[in-house]
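# Observations on chain architecture
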Amino acid sequence: MARSKKEIGTGFITQMDRYLFGEGTHYQIYDKLGAHPKNYKGKDGFYFAVWAPHAAAVSVVGDFNNWDPDADPMKVLETSGIYEAFIPGLKEGELYKFAITTQSGKVLFKSDPYAFGSEYRPGTASITRDISGFQWKDNTWMTKRETQDLTTSPLSIYEVHLGSWRKANREEKDGYYTYIEAAHELAAYVKDMGYTHVELLPVMEYPFDGSWGYQVTGYFAPTSRYGTPKDLMAFVDKMHEAGIGVIMDWVPAHFPKDQFGLYNFDGEACYEDPNPKRGEHKEWGTMVFDFGRSEVQSFLISSALYWLEQYHIDGLRVDAVASMLYLDYNRKQGEWEPNKDGGKENLEAVAFLRKLNDTVLGRHPHKYMIAEESTAWPMVTKPASDGGLGFNFKWNMGWMNDMLSYMKTDPLFRAGNHNKVTFSFFYAFSENFVLPISHDEVVHGKGSLINKMPGDYEAKFANLRTFFGYMMAHPGKKLLFMGQEFGQFTEWNETKSLDWMLLGYDKHTELQTYVKTLNKFYKDHPAFWQIDYSWEGFQWIVPDDSRQSVVAFLRKDANGKQILVVCNFNPVLREGYALGAPNSGTYKEILNSDDEAFGGAGTVHNKAVRSKKKPLHGFEQSITITLPPMSVLYFEVPAKRTRKTAEEKAAEKAAPKKASKTAKAEKAEEKAPAKRGRKPKAEAAPAEEKAPAKRGRKPKAEAAPAEEKAPAKRGRKPKAEKAAEPAEKTARKPRAKKADKAEK
């Protein structure tokens, strides 16, 4: 008896399916509702199912029945509000809608909320699609991904709007690249530029180009602007083959009021909150989901899992989270009402987000769930069990706003705004942040990123290089919107391709080279990403030099290796700039944003500089360097030296020498202390007096004075220090000459 009751209708949707859907826990409901190829009673065709709890009647209409509401009626499955029908003979690619008769007798023609395909705009019909059978080739990527700890891995995202990254020279579909075309060119470009991931502005179906995809009507349908569902799968597969992850923007906050979509789906509030003071964003012209309704929870959570599981997407950036959290968001007094506790928090939305993240990350802990949350709501990236929202990353909108405001400021007045550079560190480790320079910052009159920079043509590029260098070194993962990497001057326009012709000009190609170099440096140096969310990975050296607009800090990796970062936010040469040094030894400049290869002047490069035993900034030693105007410098910090015990020294002397070593190498091994073992071989050589010849990075002119002036009176120091001291002295004169030339 129980079995026959469960299998009412066709039996494709069981009693358990209906129960889980009604409980808000059916996370593969897209396998049941919508349109699916089936064989029923020996006939092939398509099975249709839709949830319309307030409807008086529902039928399937399409080209196959001349859009006649009476031709293919659907049957309701008990009290579930679910209607179903099987139509034999239908193939993939058929246009269809649901004809819903409301309680008032009006017939609404609605697209399928669970459709896997949609008609190209301005058409609004759904399309029958079979998404099974795609041959994935990304096993290597998928296996590797599952072993990663996302918070201690590099993440440098290239944000892309597929419709305007590049365009083909054809009129069809406005010249949009197909998913396939975009896959090959974008994968090659992103890999060459050194990014780890791309983030796609929404590619779920949407009717209005000007919404950029943020007003979704097809939560399970890739937009037909660029191709079919399997074309999108091929896009993701190609990106994974190139070693590039794919993150998608996803919009569970609201949906548009288009009459063919979710709005008043069956004549009444179905997907939206029925309370007029909660159910609409009037400024956006959109409706707010009813987050407390179980069927809506099943709809949204299964949508999230659909993209992650069926399309192998690596993560979702959840849009407009702040609008979900606050009942008074963008609403004036009298336009909203408090929750049951008298507060302005949307308690149902909070519970939904926790449920969403627990479900997604519980099944896929290696996926990204990134919140675009612009307020100070606490614990966004903390587990729901601890009172958090459960995301694993959050956009740092505060840092973005402060730094863009600072960089827009004329350098003459930056001293009074120095706190905008340093304020982010009051909260930098309170969440797992992503530093976003997104599409929202380069549209609607805000200007492109390079046009936000003050000064003349040269100054704009210098400012932008300095900003990028600081951004890359600041704790947090990274995101940059397309076109900003080569200095596009015009604002982003979704109807036009990026201005790739700018790469015919030196400054733009040099900026692109700089961003490419930064990305490579970032990935190659764990100090910039391994400890992003703790003070253990960061230490201030100079936070308060507001007068000169200079900051300096350390980034550290899990093995204790450090990089010294010095930022000069003024177009002024700083000679003899002294700052504290964490370890004694030689500091090597390893990146200079003012390098000629990056479009800079290239007149100032620091030679390897030796620390002095002169306390400064809370450190026992210090270094003195030259800062080029408007620049960022990265220095390699020498490993910390430790004293050997008598037992270690005795054991080292007793250890047999390897036969393959020369006499000179054996002597160096005896004298070179074990504490230098972390450094490359090229740095171990200074233990001998004649070792400078091995330091291929230095000019030969510096090696000779090192041997001539190794005075015995400095015998307390290791011989490696004897060689470095004179090298510093000889380096000062040439720098002064270069500086004089620069001033002239």
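## Some words on the overall build of the chain
Within the chain one finds 19 helices and 30 strands. Of the roughly 31,400 Å² of accessible surface on the chain, a fraction of 51% belongs to carbon and sulfur atoms.

## A look at the packing of helix 7 (residues 294-310) against helix 9 (residues 347-363)
Where helix 7 meets helix 9, the axes come as close as 11 Å, and the angle between the chain directions of the two elements is 30°. Considered as vectors, helix 7 and helix 9 are oriented roughly parallel to each other. By crossing handedness, the relation of helix 7 to helix 9 is classed as right-handed. Listed contacts from helix 9 to Gln 297, Leu 300, Ile 301, Ala 304, Leu 305, Leu 308 and Glu 309 of helix 7 are Phe 352, Lys 355, Leu 356, Thr 359, Val 360 and Arg 363. Broken down by class, the residue content of the contact of helix 7 with helix 9 amounts to 8 nonpolar, 2 polar and 3 charged.

## Brief notes about unusual backbone geometry
The step from Arg 121 to Pro 122 runs through a cis peptide bond, and the omega angle for that step is 10°. By secondary structure assignment, the location of Pro 122 is in the loop between strand 8 (117-118) and strand 9 (126-127). For Lys 173, which is not glycine, the phi dihedral falls at a positive 50°. With respect to the helices and strands, Lys 173 occurs in the loop between helix 4 (162-165) and helix 5 (179-193). Of the residues examined, Lys 173 reaches a relative accessible area of 30% and is grouped as partly exposed.

## Describing the packing of aromatic side chains
Inspection of the entire model under this criterion finds 63 aromatic pairs. Here the aromatic rings of Phe 429 and Phe 538 are separated by 6.4 Å at their centres, their planes lie at 50°, and the arrangement is tilted. On the criterion of sequence distance, the pair formed by Phe 429 in the loop between helix 11 (419-422) and strand 21 (433-437) and Phe 538 in strand 23 (residues 538-545) is long-range, its members being 109 residues apart. An identical accessibility class is assigned to Phe 429 and Phe 538; each is buried. One Lys or Arg, Arg 166, reaches over the ring of Trp 500 and ends 4.0 Å from the middle of that ring. The aromatic ring of Trp 395 is capped on one face by Arg 317, whose charged end is 4.5 Å from the ring centroid.

## Looking at the pattern of salt bridges
Under the counting rule described, the total for this entry stands at 26 salt bridges. Across the salt bridge formed by Asp 17 and Lys 32, the nearest N and O atoms sit 3.2 Å from each other. You can see Asp 17 sitting in helix 2 (residues 15-23) and its partner Lys 32 sitting in the loop between helix 2 and strand 1 (34-40), a full 15 residues away along the chain. Among the residues examined, Asp 17 registers a relative accessible area of 9% and is labelled buried.

## Digging into helix 7
In this model, helix 7 (17 residues) spans 23 Å end to end at C-alpha, consistent with the 24 Å of a helix rising 1.5 Å per residue. In terms of burial, helix 7 is a largely internal element, 14 of the 17 residues being buried. One or two steps after helix 7, the chain reaches His 312, where phi turns positive at roughly 60°.

## Structural notes on the sheet that holds strand 15 (residues 254-256)
The strand order across the open sheet built from 3 strands is 15-17-16, with neighbouring strands paired in antiparallel fashion. Each of the sheet's edge strands pairs with one partner strand only, and the pair in question is strand 15 and strand 16 (280-281). Relative to strand 17 (residues 286-288), strand 15 is paired through 3 bridges, and the arrangement is antiparallel. Along strand 17, the bridge assignment pairs Phe 255 with Met 287.

## Focus: the packing of helix 5 against helix 6 (residues 229-241)
Where helix 5 contacts helix 6, the two axes come as close as 8 Å, and the packing angle between them is 10°. When the axis of helix 5 is compared with that of helix 6, the two are roughly parallel. For the pair helix 5 and helix 6, contact is made by Tyr 179, Ile 180, Ala 182, Ala 183, His 184, Leu 186 and Ala 187 and by Asp 231, Leu 232, Ala 234, Phe 235, Lys 238 and Met 239, respectively. Looking at side-chain class alone, the contact of helix 5 with helix 6 contains 10 nonpolar, 1 polar and 2 charged residues.

## Regarding the pairing of strand 3 (residues 57-62)
Among the 6 residues in strand 3, 5 count as buried, and that is most of the element. Pairing between strand 3 and strand 6 (residues 95-101): 6 bridges, direction antiparallel. For Val 60, the partnering residue across the bridge sits in strand 6 and is Phe 98.

## Describing the side chain of His 439
Looking at the secondary structure, you find His 439 in the loop between strand 21 and helix 12 (449-452). A polar contact is formed between the side chain of His 439 and the side chain of Tyr 214, at a distance of 3.5 Å. With near-sequence residues (within four places) excluded, His 439 lies in contact with Glu 159, Leu 201, Trp 212, Tyr 214, Phe 481 and Trp 492.

## Regarding the sheet that holds strand 5 (residues 82-88)
Each strand in a sheet pairs with another by means of backbone hydrogen bonds, the pair being arranged parallel or else antiparallel. Read across the open sheet, the 4 strands follow the order 1-2-5-4; overall the sheet is antiparallel. Here the strands that pair on one side only, and so sit at the sheet edges, are strand 1 and strand 4 (75-76). Here 7 bridges tie strand 1 to strand 2 (residues 43-51), and the two strands are oriented antiparallel to one another. Its bridge partner lying in strand 2, Gly 34 is registered against Ala 49.

## Side note on empty space enclosed by the protein
Throughout the structure, instances matching the rule amount to 7 cavities of 30 Å³ or more. Taken as a whole, the largest cavity encloses approximately 110 Å³ of empty space. Looking at the largest cavity, the residues that line it are Ser 156, Ile 157, Tyr 195, Phe 468, Met 471, Met 472, Lys 478, Leu 479, Leu 480, Val 515, Leu 518 and Asn 519. At the level of elements, strand 10 (156-160), helix 13 (457-473), strand 22 (477-481) and helix 14 (506-524) are the ones that each hand at least two residues to the lining of the largest cavity. Of the residues assigned to the lining of the largest cavity, the class counts are 9 nonpolar, 2 polar and 1 charged.

Definitions and cut-offs
Residues numbered from 1 in each chain as written. Predicted model: local features only at pLDDT ≥ 70, side-chain atom pairs only at ≥ 80, totals over all residues. Heavy atoms only, no water. Helix = DSSP H or I, 4+ residues; strand = E, 2+ residues; numbered from the N terminus. Areas by Shrake-Rupley, 256 points an atom, 1.4 Å probe, with all protein chains shown as cover. Axes fitted to C-alpha atoms, helices over the stretch in contact; angles between N-to-C directions. Parallel < 35°, antiparallel > 145°, perpendicular 65-115°, else oblique. Left-handed = near helix turned anticlockwise from the far one by under 90°. Contact = heavy atoms within 4.5 Å. Nonpolar A, V, L, I, M, F, W, Y, C, P; charged D, E, K, R; others polar. Buried < 20%, exposed > 50% of the residue type's maximum accessible area, 1.4 Å probe, protein only. Phe/Tyr/Trp six-rings, centres within 6.5 Å; stacked < 30°, edge-to-face > 60°. Lys NZ or Arg CZ within 6 Å of the ring centre and 35° of its normal. Salt bridge = Lys/Arg side-chain N within 4 Å of Asp/Glu carboxyl O. Expected span 1.5 Å × (residues − 1). Pairing = 2+ DSSP bridges. Polar contact = N/O pair within 3.5 Å; in protein donor to acceptor, adjacent residues only side chain to side chain. 1 Å grid on protein atoms, 1.4 Å probe; cavity = no way out; pocket = protein on both sides within 12 Å on 5 of 7 lines; lining within 4 Å. Points joined across faces, edges and corners; volume = space filled by probe spheres on them.

Just distances and angles here, no functional claims.
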